Amino acid sequence: MASGGRQKSMRQGDFMAKPEEGWAHNTAALAVGHGVYYSFPVRYIGSIQILETMRDLSMEDKTGVCWEAIARCCDAAKLRKTKKRKVSKVVKRFLADQPYIKEMELKINLSVEGIATSDLSSNEIISNDDIKKISFAAGGNQSEYDFVTYVAKDKRENRYCHVFDCKLLADDVLATIGQIFNILTNKAADDLESDIKAVQNAPKVDNPLYHAMATGQVKGRSESAAVNAGYDEGDGAMYDSASPSYGAIEEEDAYAIDEEKGQEFAKFLNENVASQPLYGEVGEGDAIYGDGAEPGWGYLDVKPDEDLYGGLADVFQED
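Residues numbered from 1 in each chain as written. Predicted model: local features only at pLDDT ≥ 70, side-chain atom pairs only at ≥ 80, totals over all residues. Heavy atoms only, no water.

Visitor: Which parts of the structure should I look at to understand helix 9 (residues 259-272)?
Guide: Because the α-helix completes a turn every 3.6 residues, residues three or four places apart line up on one side. Here helix 9 spans 20 Å end to end across 14 residues, near enough to the 20 Å set by a 1.5 Å rise per residue. Considered for burial, the residues of helix 9 that qualify are G262, F265, A266, F268 and L269. Across the axial projection of helix 9, the buried residues extend over an arc of 155 degrees, all falling on one side. Residues of helix 9 that are exposed and point more than 90 degrees away from the buried face comprise E260, K267 and E271. On the buried face of helix 9, the contacting elements are helix 2 (27-30), strand 1 (36-50), helix 7 (208-214) and strand 8 (296-299). The N-terminus of helix 9 is capped by D258, whose side-chain oxygen sits 3.2 Å from the backbone nitrogen of E260. (Helix = DSSP H or I, 4+ residues; strand = E, 2+ residues; numbered from the N terminus. Expected span 1.5 Å × (residues − 1). Buried < 20%, exposed > 50% of the residue type's maximum accessible area, 1.4 Å probe, protein only. Arc of directions from axis to C-beta. Contact = heavy atoms within 4.5 Å. Polar contact = N/O pair within 3.5 Å; in protein donor to acceptor, adjacent residues only side chain to side chain.)

In structure tokens:
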């Protein structure tokens, strides 16, 4: 069921548009990275291959490709009665005929480092799409409003549109991805400055991740690093080989970040730097996946190693 007319600007194509209510998350907290994610319980539906780069497409056409990807996955998964629709020649050219369906309830974990999925109960990592391989995102439209998709390359450099049923969390999932892209493309400088001041007024914790956030070391992209924003120029890589400066942590402190410190910081964020969800509070009986699962900050010990676990396309299509 569609979630009304919320965030119409995002559903018109620009997933990076700041919601009228403002970003849901503290920008400084979201910029930390280093295993710190904001997680949502969702249902993965499947993926469909994008046959060529969408670099030269307009924002409208890129979004149109994603809308059709969502529709084809919904049809193939038999989530609703298949309906006839007009599909432009441009959209047809970019999408494979058949999607790959692998329905599964899981957590989608969003960070400046990438998008990882994990088990709802054990939090065991299922897949990890590095941010360098993610080039676009979009939310569904009309009857598919509750669906969100992002485009990422797999190990073989093939592009896939991954589709999730997010139910009432759809606006928040999409806006969080947009907020991350804003951070990485240096479009969130004002938000970072004000949000750093906000966390400095909150209780403090002796943790290297907290110090990186509260001392202003969490920044957008380094000016020396050329930004290749996927949504704009879009051939997969968001930035070049230069190191991003967000979440800057002293070398000696980097070694102090372990599972315990990561979980401690995530707990601190949930208790002291709470997000303001666009959907409001989850009420009893509200449509949300997972038995008792709720959105929130978390920590995943994600290793930047493609051989350890691949992206969604690598994991599910090898099953």
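Visitor: For this particular structure, what's the right way to read helix 5 (residues 170-184)?
Guide: Helix length check: helix 5, at 15 residues, gives a terminal C-alpha distance of 22 Å against a target of 21 Å (1.5 Å per residue), a fit within 8%. The buried count for helix 5 comes to 15 of 15 residues, which makes it a mostly enclosed element. Count one or two residues on from helix 5 and you reach N186, which has phi positive near 60 degrees.

Visitor: Would you mind going over the nonpolar core with me for this structure?
Guide: One recurring pattern in soluble globular proteins: nonpolar side chains tend to sit buried together. Of all hydrophobic cores here, the largest spans 73 residues; its most connected members are Y150, F164, V173, I177, M213, F265 and L269. Take this core: its biggest share by element is eight residues, from helix 5. Excluding anything up to four places from it in sequence, F265 contacts V32, V36, N207, L209, Y210 and M213. Counting residues in each nonpolar core, the second largest holds seven residues, with C73, C74, F147 and V163 among its members. (Core = buried A, V, L, I, M, F, W, Y, C linked by side-chain atoms within 4.5 Å.)

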